[in-house]
Amino acid sequence: MGLALLYINLQFEDGSSREVDRLRVDVAGVDVDLAARFRRGGDFLGSLTGGRPLLVEVGFGRGDFLVYLARRRPEAVVLGIENSISCVDRARRRVLREGLPNVRLLLGDARLVVKELLPPGSVSAFFVNFPCPWPKRRHEGRRLFSEGSAGFFLSALCPGGILRLLTDEEWYAEEVALAFEGEGGVEISLSTYAGGEVVTKYEQRWRSMGKPIFELLVRKRESTPSPVALEEEVRLLQFDLRVRFDSLDESSLASLEGVKLEGEGWSAFVKDLYRGKRSYIWRVFLREEGLLQIFFVELVPRGDGCMLKLDSATQPYRTRAVSALMREMADLIVDLGDKRRSDAKK
Ligand SMILES: C[S@@+](CC[C@H](N)C(=O)[O-])C[C@H]1O[C@@H](n2cnc3c(N)ncnc32)[C@H](O)[C@@H]1O
């Protein structure tokens, strides 16, 4: 855990490469600030692509296809997303050696990156070559296209955009096809794949074992609109509660300590409660794909009620899950207030 997202720079004008501060980097003179995207919105896409088409490869491994694609499509920006740091490092060296100015690499779980960083309609094509199928039931949750994530990939695609998946496991291709079909607004084809201009490490491996390869093509229909990004709404991080601050007491608020909360793709623990002069603060642990965040949530008086907000001492990435968790906490606090009011009446 710990290291969840890291932007690796590829192109410095002097040809050198270096890893820079986590989440902030200069790519060929373009300032890409991941933290800003997470914390305040920010034009992550614009700074990443400079308005050029965006092609994304997920799980590029050794980087064979990534390099091929970057050469084949010099007018586009090719973003590689990997959750293995050694793959990212190896690909980074290879891309530098081969002098490809249009490649960007991102270390992280693609499910989180696609969901949180790629705006709706921003991607012309996704390429996924031989993802780990995670066949065991207990590992299902690790699959790239586990429940819910297909919708985020689809949302990131532009109308007419394509997702191409190659796999040696037919059941897996069928499962992914079903996930996309369930989202609607797509045309899907699944066929055996004869081979293309580039052969990745895993394609080579499965072919040498005589296994057939399957190609799944998911095309987002031109008529399927991309949802408009409602950043403010999605990542609402301040909640006004219709509960008077003075009507709440420390012991009932302490009952939130140890509460486990869950939502789609995330789970959280509410830890200790701290009392300030005119505030209560909880420490919370939030886990979502590839990312563990520990931060403080604060309850303060506001007007006739109170407000639940992020405490400014901690700066979590403002993911949807942070907002969803705070909404759940807000509901629990309102329930506690209601309960105290009705107990007082008895
Ligand atoms: C079986 S390898 C295939 C590598 C390469 N595409 C090929 O065809 O040779 C799967 C790759 O996907 C990466 N991967 C697995 N899950 C991922 C995820 N959730 N996000 C990003 N990369 C992932 C792994 O680290 C691994 O490099």
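All of these numbers come straight from a predicted model, not from anything done at the bench.

A few words on the sheet that holds strand β13 (residues 266-275). Pairing is antiparallel in the open sheet, where six strands are placed in the order β11-β16-β15-β14-β13-β12. Strands at the two margins of the open sheet, each flanked by one partner only, are β11 (238-241) and β12 (260-263). Averaged over all pairs of adjacent strands, the angle between their axes in this sheet comes to 25 degrees, without regard to strand direction. The pairing of β12 with β13 spans four bridges and is antiparallel. If you follow Gly263 over to β13, its bridge partner there is Trp266. Helix α11 (residues 320-345) contacts β11, β12, β13, β14 (280-288), β15 (291-302) and β16 (305-310) of the sheet and is inclined by roughly 135 degrees relative to β14.

Let us look at the nonpolar core. Ranked by internal contacts, the top residues of the largest apolar core, which has 33 residues, are Phe126 and Phe145. Elements supplying a minimum of two residues to this core: β4 (54-58), β5 (77-82), α5 (110-117), β7 (123-129), α6 (149-156), β8 (157-167), α7 (170-183) and β10 (214-220). Apart from the residues lying within four places of it in its own chain, the contact partners of Phe145 are Val128, Ala150, Phe153, Leu163, Leu165, Tyr172, Val176 and Phe180. Ranked by size, the runner-up nonpolar core spans 32 residues in total, among them Phe239, Leu273, Tyr280 and Ala330.

The next subject is the environment of Glu181. Mapped onto the elements, Glu181 comes out in helix α7. Between the C-alpha atoms of Glu181 and Val218, which are 37 residues apart in sequence, the distance is 8.9 Å. Other than its neighbours up to four places away in sequence, Glu181 contacts Val186 and Ile188.

Glancing now at the confidence of the model for the chain. Of all residues in the chain, 84% have pLDDT values of 70 or greater, and the mean over the chain is 83. Of the regions scoring below 50 in pLDDT, residues 230-234 engages in three contacts with residues more than four places distant in sequence or in other chains.

This next bit is on unusual backbone geometry. Its identity is not glycine, yet Phe130 carries a phi of approximately 55 degrees, on the positive side. Structurally, the position occupied by Phe130 is in the loop between β7 and α6. Relative accessible area serves as the criterion here: at 9%, Phe130 is assigned to the buried category. Located in the positive-phi region is Trp134, a residue other than glycine, with phi close to 45 degrees. With respect to the helices and strands, Trp134 occurs in the loop between β7 and α6. By relative accessible area, Trp134 is classed as partly exposed at 27%.

Criteria and cut-off values
Residues numbered from 1 in each chain as written. Predicted model: local features only at pLDDT ≥ 70, side-chain atom pairs only at ≥ 80, totals over all residues. Heavy atoms only, no water. Pairing = 2+ DSSP bridges. Helix = DSSP H or I, 4+ residues; strand = E, 2+ residues; numbered from the N terminus. Axes fitted to C-alpha atoms, helices over the stretch in contact; angles between N-to-C directions. Contact = heavy atoms within 4.5 Å. Core = buried A, V, L, I, M, F, W, Y, C linked by side-chain atoms within 4.5 Å. Buried < 20%, exposed > 50% of the residue type's maximum accessible area, 1.4 Å probe, protein only. pLDDT = per-residue confidence, 0-100.

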